[in-house]
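# Per-entry structural report
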Amino acid sequence: MTSSEAIGYVLGTQEATPLEFWIAVDSQKVLRLDDVIEVETHRPDNNRKVHFYGVVDYVRTQYEGAQFDTDTLLVAKKGTLPVNISYTAHVQVTRIEPEEYLPPQPGDPVKLAVDKQLASALYFDSMDTPIPAGIMNNGNAAYFNYSFINGEKGAHVNISGVSGVATKTSYALFLLYSIFNSPVLGSYKANTKALIFNVKGEDLFFLDKLNQIYGDSISDQNKNKYENLNKNKYEILKLPIQPFKSTSFRAAPKKDSRTIDADLEQRYEGISVYLWSIRELCRERLFRFLFTGEDLDRGNLSYLVTTVEERLARLAEENDDSDKKRRRKIQAHLEVEAFGEDSKTQIKTFRDLIDFLEDKLLNDEDREENRRWLGRNASATAEAMIRRLYGISSEVSHLIRGDLSPDEVAKYQLNPLASDAQLTVTDIHKLTARAQKFVVGVLLQKLFFEKEKQGREPVIFIVLDELNKYAPRDGRSPIKDLLVDIAERGRSLGIILIGAQQTASEVERRVVGQAAIRVVGRLDSAEAERPEYNFLTGSCRKRALFLKSGTMFVHQPEVPAPILVNFPFPTYATRKEEVFLSPAEIADIEADFDRF
């Protein structure tokens, strides 16, 4: 089929408007959902031509001439009733050139939009910075306008879909791969960064390895199968076949271990540990992230947390000044006046910090210094705070250390903006829910402050799955406030949030509402009816219930209709079993087995 062949005609028995119309499809032609069409019509005064472009969002067939349900049997089985088959399609108009909002005329020929017409229909021709968004059903590439991702005209991406259907994380990775390998970054290509929080398994720790289906280590039969399916797609998208080139992998240290080793099981080489010093926790005002939203919703605890955080920050700054006077490197621990039964003068562990605060808040309230720590809060509030610190102690004590040397602290510091790597994968899947919130909150706050000093360029992408856990619709918490701030101000700071969740209806509206790009995979029926998906048409909502793996609707501000796309099998390994091994690497492994 080419654009010169009419596939049908504007239907005359249904009303046609500038925004939608019906097509009588030719009996020998095929028109499907998501097909893009073009109609050329003449103004009634014959002054000029007007071009309509649109997307098919509804198709139907029916017998014409049949009156009763049983007439179908007379036609299909006996052939005794003469009827015609009506094949019609409904079109949602996406563009009118020139912008003359008059209806197309009944009988106007309808053609499939291809090449330049297709680009016009979906505004790809007017995008100043197009990046591949996937492959459409007609086999052509779909594009996003990067200006609506990087903060220039809009920012942020939100992805929704049921888990296990290769939607959220898989599409976020594809989008990053598309951006990093796109020419639109120009001179900022090397400095554009991404931080991915790994929340499930250890699959993201092989993104720097080529996927075996693009190597030569699988059988010819399977290789041909995958090559045919996917290599052509990468050619269409004009993307290379390679793994992520510049990566850094960070993981939490093992608990209860004398040495500081990454808590991973599938990969050991090229992994660095992340942690924070007690001095850093206090100086950078990260203390609040030790408390979840449920904690701060009760009583005056949030006020006391703010008071204590401020006192700890002053204490840390005094310690820093003291270190500078002694002409030594900034230490990891805090030096304080004697506290506790053992009269300690240094806070080197998280337990020491709790004991110190317990001494300041609950003991000897008559001392002027202790009253400053407690402020106007009641002792019961202080007891509640200490109880919560004891509760989280075992979950974060290996992440907050005061017993390390300054060089070790610098070695384990995690700052994606200062990293040489373009993509930083940070593992949090083995941490408890409260520890995960602490790590995510601390990293985002430090990035936010850093970008406030640095400015918008270069852009950094934050990929955060399970967004509903960090920015729930109900309640308040420091990390939720931070995500709202990123959603509202991140655009101007060059912090782009690629958030994902199963149900957008459970995420704070101010976070989801700021996303310029929306992506939807398979949804459950109740979720599909929520107002958060109003950008989908009625038929798209129904189809979202049974979308296949790797298929999703994408929506962007410039294109008035959602586009159905799929993306090719990743060129990078998304699990250990997918890693391509060269013959030399296989020989080394076999030799190791022999020696063992």
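Residues numbered from 1 in each chain as written. Predicted model: local features only at pLDDT ≥ 70, side-chain atom pairs only at ≥ 80, totals over all residues. Heavy atoms only, no water.

For the protein chain, the name recorded in an unreviewed UniProt entry is ATP-binding protein, with Anabaena sphaerica FACHB-251 as its organism.

### Focus on the side chain of Thr192
Of note, Thr192 is situated in the loop between helix H3 (168-180) and strand S10 (193-198). In terms of polar contacts, Thr192 uses its side chain to reach the backbone carbonyl oxygen of Tyr188, at 2.7 Å. Excluding residues that lie within four positions of it along the chain, Thr192 makes contacts with Phe180, Leu185, Gln422, Pro458, Val459 and Phe461. (Helix = DSSP H or I, 4+ residues; strand = E, 2+ residues; numbered from the N terminus. Polar contact = N/O pair within 3.5 Å; in protein donor to acceptor, adjacent residues only side chain to side chain. Contact = heavy atoms within 4.5 Å.)

### Things to note about the pattern of salt bridges
Using the criterion set out here, one finds 39 salt bridges in the structure. Here Arg288 makes a salt bridge to Glu309, at a shortest N to O gap of 2.6 Å. Here the residue Arg288 occupies a position in the loop between helix H5 (278-283) and helix H6 (293-296), and Glu309 occupies one in helix H7 (residues 301-325), the gap between them amounting to 21 residues. Judged by relative accessible area, which is 32%, Arg288 ranks as partly exposed. Overall, Glu309 belongs to the buried group, its relative accessible area being 4%. (Salt bridge = Lys/Arg side-chain N within 4 Å of Asp/Glu carboxyl O. Buried < 20%, exposed > 50% of the residue type's maximum accessible area, 1.4 Å probe, protein only.)

### Digging into empty space enclosed by the protein
Sizing a probe to match a water molecule and rolling it over the atoms shows the empty space that remains. In the structure shown here, the tally under the stated rule is five cavities of 30 Å³ or more. Roughly 90 Å³ of volume is contained in the largest cavity. Along the walls of the largest cavity sit Asp34, Asp35, Val36, Val55, Leu122, Met136, Asn137, Asn138, Pro562, Ile563 and Leu564, which together make up its complete lining. In terms of residue count, strand S22 (residues 559-566) provides more of the lining of the largest cavity than any other element does, three residues in total. For the lining of the largest cavity, a count of residues per class yields seven nonpolar, two polar and two charged. (1 Å grid on protein atoms, 1.4 Å probe; cavity = no way out; pocket = protein on both sides within 12 Å on 5 of 7 lines; lining within 4 Å. Points joined across faces, edges and corners; volume = space filled by probe spheres on them. Nonpolar A, V, L, I, M, F, W, Y, C, P; charged D, E, K, R; others polar.)

### Describing unusual backbone geometry
Glu97 connects to Pro98 through a cis peptide bond whose omega is -15 degrees. As for its position among the elements, Pro98 is in the loop between strand S5 (84-97) and strand S6 (109-112). Across the junction of Glu457 and Pro458, the peptide omega takes the value -5 degrees, indicating a cis bond. Mapped onto the fold, Pro458 is located in the loop between helix H12 (433-454) and strand S18 (460-464). One non-glycine residue, Glu466, adopts positive backbone phi at about 55 degrees. Judged by its relative accessible area of 25%, Glu466 is partly exposed.

### Here's the deal with the packing of aromatic side chains
The tally for this structure, following the rule as stated, stands at 17 aromatic pairs. With 6.4 Å between their ring centres and 85 degrees between their planes, Tyr177 and Tyr234 make a pair best called edge-to-face. Here Tyr177 is found in helix H3, whereas its partner Tyr234 is found in helix H4 (residues 220-237), with 57 residues between them in sequence. In this pair, the class of Tyr177 matches that of Tyr234, namely buried. (Phe/Tyr/Trp six-rings, centres within 6.5 Å; stacked < 30°, edge-to-face > 60°.)

### Comments concerning the pairing of strand S8 (residues 141-145)
Most of S8 sits inside the fold, with four of its five residues counted as buried. The pairing of strand S7 (residues 130-136) with S8 spans five bridges and is classified as antiparallel. What sits directly across from Pro132, in S8, is Tyr143. Joining the antiparallel neighbours S7 and S8 is a turn of four residues, in which Gly139 adopts a positive phi near 85 degrees. (Pairing = 2+ DSSP bridges.)

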